[in-house]
Every structure is written in C-alpha cells, then in structure tokens.
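Spelled out, the chains give:
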Amino acid sequence: MSQNLNGLIAHTEPKASKMIRQLREQGIEHSELLAFMEQVPRHEFVEPAFSHLAYSGTPLPIGRNQTISQPLTVARMTEWLLSYARLGRVLEVGTGSGYQTRILAHFFNKVHTIERQKLLHEQAKARLSAMGVNNVEYLFGDGQAGWPNRIEMDAVIITAMASKIPLALTECLKPQGILIMPIDHPTPQIGCWRKEEGDRWKCLGTESAHFVPLLEGIENA
Ligand code: SAH
C-alpha cells in the first residue's frame with residue numbers, strides 16, 4: 001500500500017527567514033534592508049546561551065548587563081536612515097554587540113561607533129573584523145562627548161536611552177542631518193528627527209521601543 005506522506009512532513013522555515021517575514025508583517029518595507037538582515041548571522045552577536053533565540057522578536061543579553069535590541073527596533077531605525085539620511089558618515093553611540101554597526105556598515109560609506117564598556121568594544125571590533133568589515137572606526141569612551149575632532153556626520157544614532165540629548169551629538173550633525181535616538185516621554189520610544197535651519201528639529205517618525213540607559217563615563221573591566 002502506498003501512501004502520500006508529503007502532506008505530513010513538517011517543513012521548518014529557516015529562523016532568519018521567519019524573522020524577516022515577521023519584520024514585513026510589522027511594517028518594514030525596505031527590500032534591500034530585509035535582504036541584508038536575512039544574511040547577517042544574528043546568533044553570532046548574542047551571548048552563546050541565547051543563540052537559539054537570536055532570530056526571535058525579542059531583545060537578548062550580549063554581556064555586561066547590556067542587550068541587543070529586538071530586530072524590529074534595529075530594522076525601524078535603519079529604515080529611517082535609509083529613507084532620510086545621506087549615506088555618507090554615521091556616528092553610532094552604543095556599539096554593544098556590533099549588530100547594528102554591521103548593518104550600518106553595509107549601507108553607509110563610513111561608520112564611527114563608540115562604546116563605554118571595554119569588553120563589549122573589544123569583542124565587537126574583533127567580531128566585525130573577522131567578518132571582513134573594514135569601514136568602521138571603533139572608539140572606547142563615553143559617547144556623550146561625541147567623536148574626537150568633531151568630524152561632521154550625516155547621521156547620528158544613539159542606541160541607549162538618554163534623559164537629555166548631549167550637545168556634542170547634535171552639534172556634529174550637518175545641516176539636514178538625521179538624528180535617531182530613544183526618548184523616555186511620554187512613553188519609552190524611538191524617534192527620528194531632521195536638523196533644520198536655525199537649529200530646529202523636524203520629527204519624521206516615532207515608534208514604541210525599550211532601551212538600556214545611556215550611562216556616564218567608561219567601564220574598563
Ligand atoms: N546597538 C547595540 C545595542 C546596544 S545596547 C547592538 O546592536 O548590540 C546599548 C549600548 O550602549 C551598551 O553596550 C552600552 O554599554 C552602551 N552605552 C551606554 N551609555 C553609553 C555612553 N555614554 N557611551 C557609549 N556607549 C554607551
């Protein structure tokens with residue numbers, strides 16, 4: 001007796017493809033961004049004990065009490081940059097695991113990234129170098145002071161929640177530059193602003209999101 005088993009075989013969708021499908025359902029539309037996020041091995045950026053959850057829709061530990069943002073938040077922030085920013089030079093505050101840095105490095109000519117935790121800074125640098133990423137400059141320091149020599153940026157992205165926006169981070173933005181940062185009021189959210197004439201800011205979008213806090217100083221451990 002022959003029986004057709006095809007209908008009974010459970011096909012498991014690859015985890016990265018599932019993540020991309022969910023991002024589409026959540027409103028991410030940029031096809032090049034979705035295609036690239038499908039390629040990036042997110043499991044290599046999280047703590048090994050959590051690598052099986054790397055493609056789920058949640059933030060995950062990356063060491064030193066810090067977290068990698070959920071895929072939707074990373075995708076939304078990047079989609080704003082791709083929609084509104086000149087893709088020249090971008091400053092990222094909060095390198096963390098280097099996951100967001102990896103994505104920025106694909107689309108921008110040059111990425112400058114600052115991390116206040118020495119261990120995370122070193123790990124991210126080693127991880128991205130091993131992946132052959134060579135258009136990123138890494139700085140171990142307090143990102144609130146901005147990048148040394150005040151290089152002008154096309155965009156600034158802050159990946160930790162600040163109560164006040166450090167002046168050095170708005171001053172380094174070119175006219176029409178794009179600022180992406182989390183804010184805590186009225187509720188925790190991420191926002192995208194454009195620097196307009198007379199130092200006015202035009203809000204281009206907001207979305208609810210949770211972040212670890214932006215902290216002062218550095219940690220050498
Ligand atoms: N973008 C990261 C997520 C980072 S979580 C990723 O994709 O993994 C936020 C990071 O900001 C943490 O690593 C934290 O140590 C760092 N951070 C917090 N305050 C900072 C500051 N003042 N300067 C630089 N980095 C800071």
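Bear in mind that the values here come from a model prediction, so they are computed numbers and not experimental data.

The rules we used
- Residues numbered from 1 in each chain as written.
- Predicted model: local features only at pLDDT ≥ 70, side-chain atom pairs only at ≥ 80, totals over all residues.
- Heavy atoms only, no water.
- Near = heavy atom within 4 Å.
- Polar contact = N/O pair within 3.5 Å; in protein donor to acceptor, adjacent residues only side chain to side chain.
- Areas by Shrake-Rupley, 256 points an atom, 1.4 Å probe, with all protein chains shown as cover.
- 1 Å grid on protein atoms, 1.4 Å probe; cavity = no way out; pocket = protein on both sides within 12 Å on 5 of 7 lines; lining within 4 Å.
- Sits in = over half its atoms within 2 Å of the grid points.
- Helix = DSSP H or I, 4+ residues; strand = E, 2+ residues; numbered from the N terminus.
- Nonpolar A, V, L, I, M, F, W, Y, C, P; charged D, E, K, R; others polar.
- Buried < 20%, exposed > 50% of the residue type's maximum accessible area, 1.4 Å probe, protein only.
- Arc of directions from axis to C-beta.
- Contact = heavy atoms within 4.5 Å.
- Points joined across faces, edges and corners; volume = space filled by probe spheres on them.
- Axes fitted to C-alpha atoms, helices over the stretch in contact; angles between N-to-C directions.
- Parallel < 35°, antiparallel > 145°, perpendicular 65-115°, else oblique.
- Left-handed = near helix turned anticlockwise from the far one by under 90°.
- Pairing = 2+ DSSP bridges.

Novice: Where do I start with the site of the ligand in this structure?
Specialist: Contacts to the ligand come from 26 residues, most closely from Ser97, Glu115, Asp142, Gly143 and Leu215. Separating an oxygen atom of the ligand from a side-chain N or O atom of glutamate 115 is a distance of 2.6 Å. Glycine 143 has a polar backbone atom sitting 2.8 Å from a nitrogen atom of the ligand. Computed on the free molecule, the ligand has an accessible area of 580 Å², of which 99% lies beneath the protein chains in the complex. Using a 2 Å cut-off from the grid points, one finds that the ligand occupies the largest pocket. Elements supplying a minimum of two residues to the shell around the ligand: strand S2 (66-68), strand S3 (89-93), helix H4 (99-107) and strand S4 (110-115). In terms of residue count, the dominant contributor to the shell around the ligand is S2 (three residues). Its residues assigned to classes, the shell around the ligand comprises ten nonpolar, twelve polar and four charged.

Novice: Would you mind going over helix H1 (residues 15-25) with me for this structure?
Specialist: Because the α-helix completes a turn every 3.6 residues, residues three or four places apart line up on one side. Taken together, the buried positions of H1 are occupied by Ala16, Met19, Ile20 and Leu23. The buried side chains of H1 occupy one side of the element, clustering within an arc of 95 degrees when seen end-on. H1 presents Lys15, Arg24 and Glu25 as exposed residues on the side facing more than 90 degrees away from its buried surface. Along its buried surface, H1 packs onto helix H2 (31-39), helix H3 (71-84) and H4.

Novice: What am I meant to see in the layout of surface pockets here?
Specialist: In this approach the atoms are scanned with a rolling probe the size of a water molecule, which exposes any empty space left behind. Volume-wise, the largest pocket comes out at about 460 Å³. Looking at the largest pocket, it is lined by 33 residues, and the ones nearest its centre are Gly94, Gly96, Glu115, Thr159 and Val212. Mapped by element, the contributors of at least two residues to the lining of the largest pocket are S2, H3, S3, H4 and S4. If you tally residues by element for the lining of the largest pocket, the top one is S2, at three residues.

Novice: What should I look at first to understand the packing of H2 against H4 in this one?
Specialist: Between two packed helices, what matters for the description is the angle formed by their axes and the separation of those axes. For the pair H2 and H4, the least separation of the axes is 11 Å and the interaxial angle reads 130 degrees. Between H2 and H4, the crossing angle belongs to the class labelled oblique. For the pair H2 and H4, the crossing hand works out as right-handed. The residues of H4 that touch H2, namely those facing Glu32, Leu33, Phe36 and Met37, are Tyr99, Arg102, Ile103, His106 and Phe107. A breakdown of the residues in the contact of H2 with H4 according to their chemical character gives six nonpolar, one polar and two charged.

Novice: Just to check I follow, could you spell out unusual backbone geometry for this structure?
Specialist: With the exception of glycine, the majority of residues adopt a negative phi angle, and the majority of peptide bonds are in the trans configuration. Note that the residue after histidine 185, namely proline 186, is joined by a cis bond; omega there is 5 degrees. Assignment of secondary structure puts proline 186 in the loop between strand S7 (173-183) and strand S8 (189-196). Even without being a glycine, asparagine 149 presents a positive backbone phi close to 70 degrees. Among the structural elements, asparagine 149 can be located in the loop between strand S5 (136-140) and strand S6 (153-158). Of note, glutamine 176 is a non-glycine position whose phi angle comes to about 70 degrees, a positive value. Taking relative accessible area as the criterion, glutamine 176 reaches 43% and is therefore assigned partly exposed.

Novice: I tried to follow the sheet that holds S6 on my own but got confused; where do I start?
Specialist: In any sheet, the strands associate via hydrogen bonds between backbone groups, in a parallel or an antiparallel arrangement. Taking strand neighbours across the sheet as the criterion, the seven strands line up as S5-S4-S3-S6-S7-S8-S9 in an open arrangement whose pairing is mixed. Either end of the sheet is taken by a strand with one partner, and the two such strands are S5 and strand S9 (200-208). When strand polarity is set aside, the average angle formed by the axes of neighbouring strands in this sheet is 15 degrees. Sheet analysis places S7 next to S8, joined by six bridges and oriented antiparallel. The partner of isoleucine 180 across the bridge, within S8, is cysteine 192. Contacts from H3 reach S6, S7, S8 and S9, with the element oriented near 150 degrees to S9.

Novice: How should I be thinking about H4 in this particular structure?
Specialist: Across the nine residues that make up H4, a large majority, eight, are buried. Every buried residue of H4 is accounted for by Tyr99, Gln100, Thr101, Arg102, Ile103, Leu104, Ala105 and Phe107.

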